[in-house]
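If you want the building blocks of each chain, they are given just below.
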Amino acid sequence: MKITTKHPCTRCNNPAVVFQPYSGMHLCEQHLIDDVTRKAKRDLRKYNLSPGTIAVALSGGKDSSALLHLLHTILAPNRKIKIVAITVDEGISGYREKTIENASSLTNNLGVEHTIVSFEESFGRTLDNILETTAHPPCSICGALRKNLLNRTAKELGAGYLAIGHNLDDEAQTILINHLRGDISRLVRLSHARVQPGLVPRIKPLRHVPESEVAAYAGAVGLAVCPKACPYMNEAYRLGVRVFLREFENAHPGTRHGIVRGFDQMIGALGDTYPPASLVPCRVCGEPCTDGLCQACKLLGRA
Ligand code: SF4
């Protein structure tokens, strides 16, 4: 179903599908696609990509599907860059099956090599199983294991970069959460400029595109999107920040952009004040970590 606003596009008078309160623009489907593409291209230029492989973390949700579609559109003509997709099957019954189906269908349509890895094969248990025997919050476990598996798989595929579908809302929330927790070293680690040995550098070409516009882009280019949310999505702290930011953005358009812009300026000003932590291989899985046992192995109780 197409969603339109009551206004014509500011650029061409066709029916608008989004309004950008922060810019005052109403955009039709084509001008939204152009706007999202322009913002992603601008961020890609900042990453100054080297030739080689970019692995896209593809859950099959709207953000990662839009990211793969966009990167494929922008970079397919570049013969020096190869795009592959990695999907992590955490083992979330009744939810992940559909998004994996969408991910497989998208990679087939685009002709992109697709690797599916699972918690069950890699860690011996599905997320559903793990959660039966732990008191840790689902998203902490899921996030740590997925990060581990994505990095490991991206290295196995020879990828020079791992592209993540974080949108402007995700980015602003994460920056704000680290500020609120006073966790400056973790905050600084969000910067793409900090390259760490053993960690495939992450790129986030959608970090200046609001979540609602990523969803509208996915609709405009005809991507299949699963309407269900993950049944474990209940991380109270992030949810609180999300609600607060949404209300603040509604009252003061441009807040999310301001948070991300301020973060980028702060990273530039910090220079080497917070050098990257020295990393060593995890004694169990070999993935880089600070103290010999990575977070994924700690949470799984591997010694
Ligand atoms: Fe994993 Fe939490 Fe995301 Fe669900 S909402 S996929 S548990 S990180």
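Each remark here, short or long, concerns the structure printed above.
These remarks concern the structure in this document. Remember, it's a predicted structure, so these values are computed and weren't measured experimentally. (Residues numbered from 1 in each chain as written. Predicted model: local features only at pLDDT ≥ 70, side-chain atom pairs only at ≥ 80, totals over all residues. Heavy atoms only, no water.)

## Digging into the packing of aromatic side chains
Now for step 1: The final tally for this structure, using the stated rule, is 2 aromatic pairs.
Now for step 2: It is R181 that lies over the ring of Y237; its NZ or CZ is 4.3 Å from the centre. (Phe/Tyr/Trp six-rings, centres within 6.5 Å; stacked < 30°, edge-to-face > 60°. Lys NZ or Arg CZ within 6 Å of the ring centre and 35° of its normal.)

## Some details on the side chain of R256
Now for step 1: Along the chain, R256 falls in helix α11 (residues 255-270).
Now for step 2: By relative accessible area, which is 11% here, R256 ends up buried.
Now for step 3: A polar side-chain atom of R256 sits 3.2 Å from a polar atom in the side chain of D169.
Now for step 4: Non-local contacts of R256, meaning those with residues more than four positions away in its chain, are made with Y22, L168, D169, A172, P210 and E249. (Helix = DSSP H or I, 4+ residues; strand = E, 2+ residues; numbered from the N terminus. Buried < 20%, exposed > 50% of the residue type's maximum accessible area, 1.4 Å probe, protein only. Polar contact = N/O pair within 3.5 Å; in protein donor to acceptor, adjacent residues only side chain to side chain. Contact = heavy atoms within 4.5 Å.)

## Examining the packing of helix α1 (residues 29-47) against helix α9 (residues 211-220)
Now for step 1: With their axes 10 Å apart at the nearest point, α1 and α9 run at an angle of 120° to one another. Judged by the inter-axis angle, α1 sits oblique to α9. Considering the relative orientation of α1 and α9, their crossing is left-handed. Along its contact with α1, which presents E29, L32, I33, D35, V36 and K39, the element α9 presents E213, A216, Y217 and A220.
Now for step 2: The residue inventory of the contact of α1 with α9, partitioned by class, reads 6 nonpolar, no polar and 4 charged. (Axes fitted to C-alpha atoms, helices over the stretch in contact; angles between N-to-C directions. Parallel < 35°, antiparallel > 145°, perpendicular 65-115°, else oblique. Left-handed = near helix turned anticlockwise from the far one by under 90°. Nonpolar A, V, L, I, M, F, W, Y, C, P; charged D, E, K, R; others polar.)

## Digging into the sheet that holds strand β6 (residues 159-163)
Two pairing modes exist for strands in a sheet, parallel and antiparallel, and in both the strands are linked by backbone hydrogen bonds.
Now for step 1: Spatially, the 5 strands line up as an open sheet ordered β5-β4-β3-β6-β7, and their pairing is parallel. The sheet is open, and its two borders are formed by β5 (113-118) and β7 (202-203), each paired with just one other strand.
Now for step 2: Two elements, strand β3 (residues 52-57) and β6, share 4 bridges in a ladder whose sense is parallel. Among the inter-strand pairings, V56 is bridged to a residue of β6, identified as A163. (Pairing = 2+ DSSP bridges.)

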